[in-house]
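Inside the fold
So you can see what is in the structure, the chains are spelled out below.
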Amino acid sequence: MGDKFLKTFLLTILIVFFGHSPTGEQDLMAAFDKVFPERAPFVGQGEDWVDSLLQTLDLEEKIGQMIMVQAYSNQGALHERNLDRMVRRNHIGGVAFFQGDPLSQARITNQLQESSDVPLLVAIDGENGLGMRLEGCIVYPDQMILGAIANEALIYNLGQDMARQMKRLGVHMNLGPVADVNRNPDNPVIHTRSFGENAGDVAFKTVALIRGMQDEGVLTVAKHFPGHGDTGTDSHRDLPLISGDRARLDSIELLPFQSAIFAGITGVMTGHLSVPALDARTDRPATFSDSIILDLLRNEMGFTGLVVTDALNMGAVSQEFEPGEREVEAVKAGNDILLMPSDVPEAIAAIKRAVRKGEISEERIDASCRRILEAKHWSGAWRRDRIETRDLLAELNRPSYMTHYRRLAEASLTLVRNRNNTLPLKDLDHTHLATVTVSNDGMAGNGATADLYVPGTHFTIASTASRAEFDALRRTLSEFNTLVVQIWNTRDRASRQYGINDEVVRFVENLEGPGRMILNLAGYPFVLNRFGNLDRMDAILLSYRDDSLFQDKAMQGLFGGIALEGRASVSGGRYVQAGEGLSPGSPVRLSYGDPLDVGLDPDTLLQMERIIREAIGEKAIPGCQLLVARKGRVVWHKAYGYHGYRGRREVRLDDIYDLASVTKISSTLPALMRLHDQGLFHEDSLLGSYGVVPDHSNKTGLLVREILTHQSGLVAWIPFYYETIEPLDTSQRLISNRWSYSHPLRLGRGAYANGNVKFADSLYQWNYEPDYTVRVADHMYLRNDYRDTMYRRIFDSELLSHEYRYSDLSFLLMQLVAEKLSDTLLYPYVQEAFYGPLGATTTGFLPLDRFPRERIVPTENDLFFRRQLLQGHVHDPGAAMLGGVAGHAGLFSNANDLAKLMQMYLNGGTYGGERFIREETLAEYTACQYCEEGNRRGLGFDRSVPEEDSGPACDSASPSSYGHTGFTGTMVWMDPECDLLFVFLSNRVHPDQSNGKLIDHNVRTRIQQVIYDALVSVP
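Residues numbered from 1 in each chain as written. Predicted model: local features only at pLDDT ≥ 70, side-chain atom pairs only at ≥ 80, totals over all residues. Heavy atoms only, no water.

1. So, the overall build of the protein chain
Within the protein chain, the secondary structure is distributed over 33 helices and 34 strands. Here the protein chain holds 1019 residues, and the buried ones make up 61% of them. Sequence separation of at least 24 residues holds for 71% of the intrachain contacts in the protein chain that already meet a minimum separation of 6. Summing over all exposed atoms, the protein chain offers an accessible surface of approximately 38,100 Å²; the carbon and sulfur share of this is 46%. Of the charged side chains in the protein chain, 102 are positive and 132 negative; the average position of the first set lies 3 Å away from that of the second. (Helix = DSSP H or I, 4+ residues; strand = E, 2+ residues; numbered from the N terminus. Buried < 20%, exposed > 50% of the residue type's maximum accessible area, 1.4 Å probe, protein only. Contact = heavy atoms within 4.5 Å. Areas by Shrake-Rupley, 256 points an atom, 1.4 Å probe, with all protein chains shown as cover. Lys, Arg positive; Asp, Glu negative; His and termini not counted. Charge placed at Lys NZ, Arg CZ, Asp CG, Glu CD.)

So this is what it looks like as structure tokens:
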């Protein structure tokens, strides 16, 4: 390699790993020493142990140390006895495990270590981790998928995790990674095992992976030297030919290996490859070439670690070389470890004969044996630690490993087309979404993930469906303005049409519709070659695998829940070239993941469920929804219990709750903040300046800031409905069957034991009529003009002292202001300005107009005023008498949709790539306004009071946190310091509002406290 190129390459790696260019000669040399050691890290390790052991070994035992045989933990007792015999009789130095399971492998490893005079070196062919070979372990993505990840730090973390799992299982060496550059799409053996077709990218990722593993004490072996990527022959069957001159080999095939050597890799595996540019001898595999191993690898490239042969029982060498002959040739060429000889006794005997004949010097054997023993000391194999099988499976599958796995899946997703910035999807309030999943068996797609962002219609069709079935589906899809087509069960071979038949191609290429079309292809980039015309597709995403994790992340990526940052590791015809990939930007919406993803301990969070079970058992609530998000990621989204205590319907995540006073910060308040940003509203104005109260009212001089902080002197509430009912004499009867029963009643002014009440004359009708359109409950309509009476009572109500006093009247007055300034009613205004664009489809007033009754969780069985079970009608009687839309109550939602609005607050006023409220405005509204006067409130928002037990939030909530609670048992809370969002929805007023157990037992704040207790450092 040219010096200029090499130095540039080395400096590039330095910058990647250190984040800056080192300055000064000492800094530069220190950086080079760290990233580019002069030798493999085990060289010179454990000299006393190595020297003393070497003196005790005879020639045959030293040769035995060079032998590594294959081992299986699922082949039964005979295989295990043969392994034990080779350890005892042939003194083999190591075993390489393949198929089996962890517990069996641990048992066999312990047994073999006990039988061996010299500690064994235990290896595994785990390019994708232990799960590549063993059941019950994590199978990491193929290297070609990892090649799409732009962030090498994630590859380093993967190496660490793989190594930790291997160490736990007593494995000292990984026969990986693959450092081959896949330049031939038809390569039958390397293919998706390679990081890709770009030599530089392969080099970076190879170095990152080996450093991660070796930093955890596991020996790594880069393969297949000098490069197996550009061939159409499988070395398991025949000897591949690697053509190209030396300059080509230097710039492509050799580059990843040279980089790995500079980084201090411990092992290199030689490939069974014919490379005429490096060894002109006919049919001389690299494994048996001293020109390639000694001259090139050792001397020219400076490798000081272990040279490991590829399996010596493979067809590429077995056709021309007999057992024993292969091993002799391998030792002559410079290999240290002879992997998987087909005849171990013959191999050892043949090498002994070659030594005695002078064909191989004993010093040559000693050198390899020394390197092997040094590697055993460095990796800890020399200690011969017994593998503890207790908790083995659990520790091999730690949740933290899956956290890193999910990061890999996210980072690999590759966007190869994004016409007109189609992604992330926008205009959710005008999105009519359909998803189509094409799979071998017509299995259901990932529609549930899409529904978290915007409800859609989800279709599945088998890839083997008839043309008529595809055509019928195509016609149906033309009704939608946003279409996501997902192709699953792809294959990685052109010879198999990449798993996509002609009818599927025809279906995709002939789709028509009025709006956006997105193709989500669960395959590698070269699968795109199957399509001749994808011009109709506005966006194309490569999601690589059709398992639930990758497809869940893919759908989140389409909506902007996660960033799309992958880069194609290989080319996909005219659609994408290696190294290409589009990045729409940072996440703009909520994502969905696991607690550890954001530094929350899942085991601690389970205590939330204990509190909820306790609350349900004590009938504090019949059920609830709970959502926890941190750093914009929802990590706990569950439903518990039932709609009511009879247990007839379980609470589901798409069920809708009455939010009660959470309405204040979810409707009226965002409306006011938006109007503030438009210059139409200001908190330091007098209420009278907006023309919503009569001039004679004592409310005209109220300061809006004091109204919003509940210290303007307004009374707490006015019992409007009391004035519409009166006690019924026992001689009187009601005509309506619905209202024809008696019950003990409390009217607030006194109790009427077993008495009845009747409604004031002419105020209510049982059916809708032109003058009675205000629906208070089922079959109960209030006279239209009574709204004026209610507001007149507010305008004429007394004013009390200016001190903190929570009042619903504050937001009834602010509703008038918002409607006056926006020139529209509150509900359509917030729907158009907030809920629709946010994709909060369940959030809104009057849920019975939009959803089936059974999806709405009932609140109180109102035996006093409305005399019925309230399901879909607002619990608050004042809000009900205003038609279900009020500034202080009346909003309904599920937890997920409500979280979108609250996350917008946490984001400083942005969500989905759109700004809803200025950040400065939110900061003002969420700040404490009159703390010095003992008022904890912000402008509309409630705030935590850490020093007071009576505060609305738990003790650990930061002083900057804010939110609100609701009378029906709801609570939302945001903590910007910890980037936490907490949503709790329940119907604690079921069966009636006298049930105060939720409040008495501090259920909501106890659950919230658990979240803070679960905070851990993000791994």
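2. Some thoughts on empty space enclosed by the protein
Counted according to the given criterion, the structure contains seven cavities of 30 Å³ or more. In this structure, the largest cavity spans a volume of roughly 60 Å³. Looking at the largest cavity, the residues that line it are L423, P424, G557, G560, I562, A563, L564, P584, G585, S586, P587 and V588. (1 Å grid on protein atoms, 1.4 Å probe; cavity = no way out; pocket = protein on both sides within 12 Å on 5 of 7 lines; lining within 4 Å. Points joined across faces, edges and corners; volume = space filled by probe spheres on them.)

3. Some remarks on the sheet that holds strand 25 (residues 780-782)
Taken together, three strands build an open sheet; the order of strands is 23-25-24 and the sheet is antiparallel. On the outer flanks of this sheet lie strand 23 (764-765) and strand 24 (774-777), each paired with one strand and no other. Relative to strand 25, strand 24 runs antiparallel, the two sharing three bridges. Looking at strand 25, one finds that R775 is bridged to Y781. (Pairing = 2+ DSSP bridges.)

4. Focus: the packing of aromatic side chains
One pass over the full model with this rule turns up 25 aromatic pairs. Consider the rings of Y721 and F864, whose centres lie 5.8 Å apart with planes at 75°: the pair is edge-to-face. In this pair, Y721 is assigned in the loop between helix 25 (704-708) and strand 19 (725-728) and F864 in the loop between strand 26 (861-862) and strand 27 (868-869), connecting sequence segments 143 residues apart. One exposure class covers both Y721 and F864, and it is buried. (Phe/Tyr/Trp six-rings, centres within 6.5 Å; stacked < 30°, edge-to-face > 60°.)

5. Considerations on the environment of A629
As for its position among the elements, A629 is in strand 16 (residues 623-630). According to the relative accessible area criterion, A629 is buried, its value standing at 1%. Residues A629 and P595, 34 residues apart in the sequence, show an inter-C-alpha distance of 8.6 Å.

6. Digging into the pairing of strand 10 (residues 433-439)
Each regular strand displays side chains that alternate between the two surfaces of the sheet. Across the seven residues that make up strand 10, a large majority, seven, are buried. Burial along strand 10 is two-sided: L433, T435, T437 and S439 facing one way and A434, V436 and V438 facing the other are all buried. Bridge count for strand 10 against strand 12 (residues 482-487) is six bridges, and the pairing is parallel. Within the sheet, the bridge partner assigned to T437 lies in strand 12 and is Q486.

7. Some points on the state of the cysteines
Scanning all chains against the criterion turns up one disulfide. Paired by a disulfide, C928 and C931 hold their sulfur atoms 1.8 Å apart. C928 gets classed as partly exposed once you look at its relative accessible area, which sits at 22%. Unpaired in terms of disulfides, C954 finds its nearest cysteine sulfur in C978, a separation of 9.4 Å. (Disulfide = S-S within 2.5 Å.)

8. A look at the nonpolar core
Core analysis: the biggest nonpolar cluster contains 135 residues, and M173, F507 and V508 have the highest contact counts within it. When residues of this core are assigned to their parent elements, the largest contribution, seven residues, is made by helix 15 (residues 344-357). Once residues within four sequence positions are removed from consideration, M173 is found in contact with M68, L121, V122, A123, I124, V218, L219, V221, L306 and I337. In this structure, I656, A671, V704 and A818 belong to the second largest nonpolar core, which totals 120 residues. (Core = buried A, V, L, I, M, F, W, Y, C linked by side-chain atoms within 4.5 Å.)

9. Some thoughts on the pattern of salt bridges
Per the counting criterion, the structure on display carries 58 salt bridges. In this structure, the salt-bridge partner of E329 is R284, at a minimum N-O distance of 2.9 Å. With E329 in helix 14 (residues 325-333) and R284 in the loop between strand 6 (267-270) and helix 12 (290-300), the pair connects residues that are 45 residues apart, well separated along the chain. R284 shares its class with E329; the two are buried. We note a salt bridge from R298 to D336, for which the minimum N-O separation is 2.7 Å. Taken together, the positions of R298 in helix 12 and D336 in the loop between helix 14 and strand 8 (338-339) put the pair 38 residues apart, joining distant regions of the chain. (Salt bridge = Lys/Arg side-chain N within 4 Å of Asp/Glu carboxyl O.)

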